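Spelled out, the chains give:
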Amino acid sequence: MDQVPVIYREWLQAIKERSDASAYAQLYRYCWKDLYAHAARRILDPQDVEDILQELFVQFWEKRHTIDIQMNLPAYLKGTLKYKIIDFFNSNKAKDKLLDHWSKHVFSYVQQHPSHLETYLELEKMLEEELQVMPQNMRQILLLKWEHLSIREIATRMGLSEQTVKNNLTEASKRLKKAILGQQNAQNGSFTLLLIFALHQLSN
């Protein structure tokens, strides 16, 4: 967004003082495209991006009477968007996508070995717990990797170096494998086959 302070001030003043829906619509149209592009570099699903932006602008309208007319509007909106993206990746929605990917690989094995269903459920619960304590960047990199993006594509989307992406993937893999091995110690011998399958999927 190019900085056009006078226009921003006029819009913000009209919105704050008169609840001017026309000024709000102009601000919305002017800012939407850039914010969408910014979020889409970090979130894969276009519908998720739209939902986040809709929430952002709804909250902006709801707080219109307290806004600072002199503020740097682009910086304010991008700052707000940043925290909404972080919240998204800390939410169950993002976590569920990771579990869904895991499930595709492991549950196909369980379908052929129904006696291992209970072990599978315990394994999935363990994975969920590991994801909850994983740093946000690491969790997001895993999400993108499991969506079949390359190292370079992930680095571009997240604004990180390729080496940083590789380091995060290596550490995430170590954490998950350590958790799986720990889970194995608490299981009977029938867990071994499922463990081997899961470790193979993690390394690909």
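Residues numbered from 1 in each chain as written. Predicted model: local features only at pLDDT ≥ 70, side-chain atom pairs only at ≥ 80, totals over all residues. Heavy atoms only, no water.

By the naming in an unreviewed UniProt entry, the protein goes by Sigma-70 family RNA polymerase sigma factor and is assigned to Sphingobacterium thalpophilum. The UniProt entry for the protein carries the following text under Sequence similarities (unreviewed entry): "Belongs to the sigma-70 factor family. ECF subfamily." (UniProt positions renumbered as here; feature names shortened; annotations may be inferred.)

Asks: What am I meant to see in helix 8 (residues 151-158) here?
Replies: Turning to helix 8, its buried residues are Ile151, Ile154, Ala155 and Met158. In a view along the axis of helix 8, the buried residues occupy a sector of 100°, so they form one face of it. Away from its buried face by more than 90 degrees, helix 8 exposes Arg152 and Thr156. Within two residues after helix 8, Gly159 carries a phi angle of roughly 70°, on the positive side. (Buried < 20%, exposed > 50% of the residue type's maximum accessible area, 1.4 Å probe, protein only. Helix = DSSP H or I, 4+ residues; strand = E, 2+ residues; numbered from the N terminus. Arc of directions from axis to C-beta.)

Asks: Just checking my understanding: could you explain the packing of helix 2 (residues 21-40) against helix 3 (residues 46-62) for this structure?
Replies: What describes two packed helices is the angle between their axes and the distance between those same axes. Where helix 2 contacts helix 3, the axes come no closer than 10 Å and their chain directions differ by 145°. Seen along the crossing, helix 2 lies across helix 3 with a hand that is right-handed. On helix 3, the residues that touch Ala21, Tyr24, Leu27, Tyr28, Cys31, Trp32, Leu35, Tyr36, Ala39 and Ala40 of helix 2 are Pro46, Val49, Glu50, Leu53, Gln54, Phe57, Val58, Phe60 and Trp61. Residue composition of the contact of helix 2 with helix 3, by class: 17 nonpolar, 1 polar and 1 charged. (Axes fitted to C-alpha atoms, helices over the stretch in contact; angles between N-to-C directions. Left-handed = near helix turned anticlockwise from the far one by under 90°. Contact = heavy atoms within 4.5 Å. Nonpolar A, V, L, I, M, F, W, Y, C, P; charged D, E, K, R; others polar.)

Asks: What am I meant to see in the nonpolar core here?
Replies: Taken as a class, soluble globular proteins show a tendency for nonpolar side chains to be buried jointly. Counting residues in hydrophobic clusters, the biggest one holds 29 residues, and the most contacted among them are Leu12, Leu27, Phe57, Phe60, Leu73 and Leu81. Taken together, the elements giving at least two residues each to this core come down to helix 1 (5-18), helix 2, helix 3 and helix 4 (73-90). Of all the elements, helix 2 adds the most residues to this core, at 7 residues. Contact partners of Leu27, with chain neighbours within four places excluded, come to Trp11, Leu12, Ile15, Phe57, Phe60 and Leu73. Counting 17 residues, the second largest nonpolar core, distinct from the first, contains Ile141, Leu142, Ala155 and Leu169. (Core = buried A, V, L, I, M, F, W, Y, C linked by side-chain atoms within 4.5 Å.)

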